[in-house]
Amino acid sequence: MCGNRLKPILNEVLDNLLANGHLHGSPQAIENLRHISASSIDRLLKHERKSLR
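All values derive from a computational prediction rather than experimental measurement.

1. Some words on the nonpolar core
One recurring pattern in soluble globular proteins: nonpolar side chains tend to sit buried together. The biggest cluster of nonpolar side chains holds 5 residues, and these are Leu6, Leu10, Leu14, Ile36 and Ile41. Of the residues forming this core, the biggest block, 3 residues, is contributed by helix α1 (residues 3-19). For Leu10, the residues in contact, after removing those within four places along its chain, are Leu33, Ile36 and Ile41.

This is how it looks when you write it as structure tokens:
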């Protein structure tokens, strides 16, 4: 998934993961994820996308 598609649903996904106990992290790290840009998501996922090809 690209950053442009992931960014709009990221808050909902984070809420779901937190509510169901599947995500554990500092409040600051979770807040940083909530404010990450689509281009930063793409940079962070670049290696993963290459490995899936």
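2. Some details on the side chain of Arg34
Its place among the elements puts Arg34 in helix α2 (residues 27-34). Residue classification places Arg34 among the buried residues on the basis of a relative accessible area of 19%. Apart from residues no more than four positions distant in its own chain, Arg34 is found in contact with Lys7, Asn11, Leu14, Asp15 and Leu18.

Procedures and definitions
Residues numbered from 1 in each chain as written. Predicted model: local features only at pLDDT ≥ 70, side-chain atom pairs only at ≥ 80, totals over all residues. Heavy atoms only, no water. Core = buried A, V, L, I, M, F, W, Y, C linked by side-chain atoms within 4.5 Å. Buried < 20%, exposed > 50% of the residue type's maximum accessible area, 1.4 Å probe, protein only. Helix = DSSP H or I, 4+ residues; strand = E, 2+ residues; numbered from the N terminus. Contact = heavy atoms within 4.5 Å.

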